[in-house]
Amino acid sequence: MKFRQARFEEPLIFELSRSGAHGFEFPRLEPELKRSLEEALNEIPEELRRRDLNLPELSELDVVRHFTRLSEMNYSITTGMYPLGSCTMKYNPILNEEIASSSKVLQVHPLQPEETVQGCLKLLYDLEQLLKRLTGMDRFSFQPSAGAHGEFLGCLIIREYHRSKGRDRRIMIIPDSAHGTNPASATMAGFEVRVVKSNEYGCVDVDELEKMVDEDVAGIMLTNPNTLGIFEKDIEKIVEIIHGVDGLLYYDGANLNALLGKVRPGDMGFDIIHLNLHKTFSTPHGGGGPGSGPIGVVKRLVDFLPPPLVEYDEENDRYYLDYDRPKSVGRIKMFHGNFSVLVKTYAYLLRMGGDGLKKVAETSVLASNYLLRKLEKLRGINVPFDPKRPRKHEFVVSLQPLYKETGVRAVDVAKRLLDYGYHAPTIYFPLIVDEAFMIEPTETESKREIDGFYEALKNVLNEAYRDPEKVKNAPYNTAIGRVDEVRASHPRTMIPSWRIYRRRMKS
Ligand SMILES: *Cc1c(COP(=O)(O)O)cnc(C)c1O
């Protein structure tokens with residue numbers, strides 16, 4: 001087994017500081033300029049003047065080495081497999097990055113006259129047509145910057161839909177297996193969340209749902225396949241129940257891999273959907289870079305979308321922006337959201353084509369079921385909910401048997417996997433599975449990589465039975481070993497430079 005972990009113990013840049021060290025030097029100020037600057041400075045009251053910036057002092061080489069080492073401590077999809085369930089950490093073709101970085105994309109401004117950006121408007125228009133075809137929705141807004149942002153916009157639209165009918169509905173139904181952003185977005189949009197339980201098959205308990213639906217219910221937020229990777233086969237019945245009270249169905253489309261070219265949320269009966277372009281459609285994510293969570297809606301909700309929408313004037317063969325949307329819930333972001341992400345999505349869709357997208361769906365499902373069938377045979381693991389039923393692009397196993405027999409928990413196994421050079425899977429989500437391990441191999445991993453991950457996990461489980469203490473104290477091969485989870489998420493320990501900064505300011 002190869003060990004591929006971060007090997008540097010790199011101090012903070014403040015700790016590397018050497019008094020007097022410097023890199024690039026600016027030319028000295030001409031005396032005349034210096035004098036007038038000083039005069040200007042004297043106009044600023046003493047107490048408002050900033051004196052010592054406390055910047056670290058380093059040579060150019062110090063700086064270059066520091067940041068190179070830091071970059072090598074980073075784990076990304078370009079380092080190795082990243083089986084983080086619900087996150088779709090797949091490989092994104094560099095070609096699409098190239099296209100999005102071309103000067104034609106970088107040097108346009110959203111306030112340019114329409115006739116000078118016809119190409120960009122056409123791209124937005126065409127992309128919308130493609131997403132409509134893929135999802136079965138009637139119109140899209142590209143404004144939201146992320147999945148949760150799209151959910152929030154979707155919830156505002158649901159609220160507005162009911163208001164337009166003269167009623168104030170406050171209940172949003174959300175399954176107990178939902179992604180945490182669903183209840184958060186619904187709450188932020190003013191809804192009260194009513195939780196519907198999953199049944200023994202890991203699907204929405206339809207009898208339970210039927211009992212809790214009444215005229216106060218604004219809608220339901222669902223994802224299908226759900227977070228267990230299981231397809232909700234009663235979806236038609238669920239649609240009937242919710243539409244029965246004129247509620248709306250919101251589709252959390254953050255993880256669309258398994259569906260591409262196969263099934264459309266619109267055909268299932270959903271009214272609103274968000275997509276995570278930074279998961280499914282070729283934008284790397286996880287590092288805080290720009291994302292995009294466009295939302296699509298069915299015809300009767302189009303009026304509520306934020307302005308502007310891109311329209312096409314066939315007669316004059318010209319694209320234009322329609323700002324005249326009096327019933328809209330309003331903007332939630334400037335212009336058309338993160339344009340570069342939309343460019344990457346467009347490039348990805350065109351290059352993949354319909355058959356390519358179908359292959360994405362098939363391969364992501366194959367990869368996940370292949371790995372699941374291997375893992376289910378390992379001691380310490382069980383498969384909750386209808387274990388024989390195939391999963392979609394991801395699956396969830398429970399390490400509860402391992403915990404019972406050895407005291408080793410899912411978090412310990414996850415940490416030990418780091419020593420083997422793998423990013424850990426998602427753990428303790430969804431909440432309805434004890435000691436949950438949620439794994440999404442994605443379609444871009446080869447059989448060899450998946451087998452490698454399987455071998456690493458098998459080794460860790462064997463080790464847990466042999467030497468549980470060893471696993472409980474992992475990782476050993478990373479720059480920083482086991483951290484105290486509570487202290488690690490305390491804001492002040494999370495940002496050590498803040499601590500040092502404070503120390504410096506006091507001295
Ligand atoms: C990632 C994810 C989200 C949230 O998307 P962000 O872009 O992180 O806001 C919502 N739902 C599901 C199921 C997800 O996997």
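Residues numbered from 1 in each chain as written. Predicted model: local features only at pLDDT ≥ 70, side-chain atom pairs only at ≥ 80, totals over all residues. Heavy atoms only, no water.

Participant: Go over the overall build of the protein chain with me, naming the residues and quoting the values.
Facilitator: When helices and strands are tallied, the protein chain shows 20 helices and twelve strands. When the backbone C-alpha atoms are referred to their principal axes, the protein chain occupies close to 80 × 75 × 45 Å. Within the span of the protein chain, comprising 507 residues, buried residues form 49% of the whole. Counted over contacts in the protein chain with a minimum sequence separation of 6, partners at least 24 positions apart contribute 70%. By element, 52% of the accessible surface of the protein chain is carried by carbon and sulfur atoms, the whole surface being about 25,600 Å². The positive charge centre, built from 69 side chains, and the negative charge centre, built from 73, are 4 Å apart in the protein chain. (Helix = DSSP H or I, 4+ residues; strand = E, 2+ residues; numbered from the N terminus. Buried < 20%, exposed > 50% of the residue type's maximum accessible area, 1.4 Å probe, protein only. Contact = heavy atoms within 4.5 Å. Areas by Shrake-Rupley, 256 points an atom, 1.4 Å probe, with all protein chains shown as cover. Lys, Arg positive; Asp, Glu negative; His and termini not counted. Charge placed at Lys NZ, Arg CZ, Asp CG, Glu CD.)

Participant: If you had to explain the environment of valine 383 to someone new, which residues and values would you point to?
Facilitator: Tracing the backbone through its elements, the reader meets valine 383 in the loop between helix 13 (339–375) and strand 10 (395–398). Apart from the residues within four sequence positions on either side, valine 383 is in contact with Leu372, Glu376, Arg391, Val396 and Val397.

Participant: Requested: an account of the site of the ligand, with residues and values cited.
Facilitator: Among the 13 residues in the neighbourhood of the ligand, the closest are listed as Ser86, Gly147, Asp252, His278 and Lys279. The backbone of serine 86 places a nitrogen or oxygen atom 2.6 Å from an oxygen atom of the ligand. Between the ligand and the protein, one listed contact pairs an oxygen atom with a side-chain N or O atom of lysine 279 at 2.8 Å. Elements with a contribution of two residues or more to the shell around the ligand: helix 7 (147–164) and helix 12 (277–280). It is helix 7 that provides the largest number of residues to the shell around the ligand, a total of three residues. Split into classes, the residues belonging to the shell around the ligand amount to three nonpolar, seven polar and three charged. (Near = heavy atom within 4 Å. Polar contact = N/O pair within 3.5 Å; in protein donor to acceptor, adjacent residues only side chain to side chain. Nonpolar A, V, L, I, M, F, W, Y, C, P; charged D, E, K, R; others polar.)

Participant: Describe the sheet that holds strand 7 (residues 295–297), with residues and values.
Facilitator: Sheet strands pair via backbone hydrogen bonds, and the direction of the pair is either parallel or antiparallel. If you trace the seven strands from one edge of the open sheet to the other, you get 1-7-6-5-4-2-3, paired in mixed fashion. Only two strands of the sheet have a single neighbouring strand rather than two, namely strand 1 (139–141) and strand 3 (192–196). Taking each pair of neighbouring strands and ignoring which way they run, the sheet shows an average axis angle of 25°. Direction of pairing for strand 5 (residues 248–253) relative to strand 6 (residues 272–275): parallel, over a ladder of four bridges. Across the sheet, tyrosine 250 pairs through a bridge with isoleucine 272, a residue of strand 6. Relative to the sheet, helix 6 (residues 118–135) contacts strand 1 and strand 6, its axis offset from that of strand 1 by approximately 120°. Taken strand by strand, helix 8 (residues 181–188) contacts strand 2 (171–175), strand 3, strand 4 (217–222) and strand 5, and its axis lies near 175° from that of strand 2. (Pairing = 2+ DSSP bridges. Axes fitted to C-alpha atoms, helices over the stretch in contact; angles between N-to-C directions.)

Participant: How would you sum up the nonpolar core? Please name residues and give values.
Facilitator: The biggest cluster of nonpolar side chains holds 83 residues, and the ones touching the most others in it are Ile157, Ile173, Leu209, Ile238, Phe281 and Leu301. When residues in this core are grouped by element, the largest group, eleven residues, is from helix 13. For this core, the two domains that each supply at least three residues are domain 2 (108–351) and domain 3 (357–506). In this structure isoleucine 173 touches Arg194, Val196, Leu209, Met212, Val213, Val217, Gly219, Ile220 and Met221, once residues within four positions along its chain are discounted. Counting residues in each nonpolar core, the second largest holds 31 residues, with Met81, Phe395, Leu399 and Val460 among its members. (Core = buried A, V, L, I, M, F, W, Y, C linked by side-chain atoms within 4.5 Å. Domains from an automatic or database assignment.)

Participant: With reference to specific residues and values, describe helix 10 (residues 235–244).
Facilitator: Considered for burial, the residues of helix 10 that qualify are Ile235, Ile238, Val239, Ile241 and Ile242. Looking straight down helix 10, one finds its buried side chains confined to an arc of 165°; they lie on one side. Residues of helix 10 that are exposed and angled more than 90 degrees away from the buried face: Glu236, Glu240 and Gly244. Considering only its buried residues, helix 10 is in contact with helix 9 (206–212), strand 4, strand 5 and helix 11 (265–268). Positive backbone phi, at 60°, marks aspartate 246, one or two positions downstream of helix 10. (Arc of directions from axis to C-beta.)

Participant: Talk me through the domain arrangement of the protein chain; I want residue IDs and the actual numbers.
Facilitator: Taken as a whole, the protein chain is organised into domain 1 (13–72), domain 2 (108–351) and domain 3 (357–506). Each of domain 1 and domain 2 has a C-alpha centre, and the two are 47 Å apart.

Participant: Account for the pairing of strand 12 (residues 436–439), with residues named and values stated.
Facilitator: Each regular strand displays side chains that alternate between the two surfaces of the sheet. Where burial is concerned, the two faces of strand 12 agree: the one with Ala436 and Met438 and the one with Phe437 and Ile439 are both buried. Strand direction decides the pairing type here: strand 10 and strand 12, joined by four bridges, are antiparallel. In the sheet register, valine 396 faces strand 12, and the bridge partner there is methionine 438. Bridging between strand 11 (residues 426–427) and strand 12 involves two bridges; their strand directions are antiparallel. Residue threonine 426 lies in a different strand from strand 12, and its bridge partner there is methionine 438.

Participant: An account of unusual backbone geometry is needed here, citing residue identities and associated values.
Facilitator: Proline 308 follows proline 307 through a cis peptide bond whose omega is -5°. Cis geometry is adopted by the peptide bond preceding proline 475, which originates at alanine 474 and carries an omega value of 5°. Counting through the fold element by element, proline 475 comes out in the loop between helix 17 (468–472) and helix 18 (485–488). The backbone phi angle of phenylalanine 335 is positive, close to 55°, even though this residue is not glycine. Looking at the secondary structure, you find phenylalanine 335 in the loop between strand 9 (318–322) and helix 13.

Participant: Could you give an account of the pairing of strand 8 (residues 309–313), with specific residues and numbers?
Facilitator: Alignment of strand 8 against strand 9, held across five bridges, turns out to be antiparallel. If you follow aspartate 313 over to strand 9, its bridge partner there is arginine 318. Where strand 8 hands over to strand 9, the hairpin turn is made up of four residues, of which aspartate 317 adopts a positive phi near 45°.

Participant: A description of empty space enclosed by the protein should follow, citing residues and the corresponding values.
Facilitator: For the structure shown, the criterion picks out three cavities of 30 Å³ or more. Its boundaries defined by the atoms lining it, the largest cavity holds a volume of some 100 Å³. Sorting the residues of the lining of the largest cavity by element identifies helix 6, strand 1 and strand 8 as the ones contributing at least two each. Here the residues of the lining of the largest cavity sort into eight nonpolar, three polar and two charged. The computed volume of the second largest cavity comes to approximately 50 Å³. Lining the second largest cavity are Pro175, Ser177, Ala178, Asn182, Met221, Leu222, Thr223, Asn226, Thr227 and Glu232. Its residues placed into classes, the lining of the second largest cavity shows four nonpolar, five polar and one charged. (1 Å grid on protein atoms, 1.4 Å probe; cavity = no way out; pocket = protein on both sides within 12 Å on 5 of 7 lines; lining within 4 Å. Points joined across faces, edges and corners; volume = space filled by probe spheres on them.)

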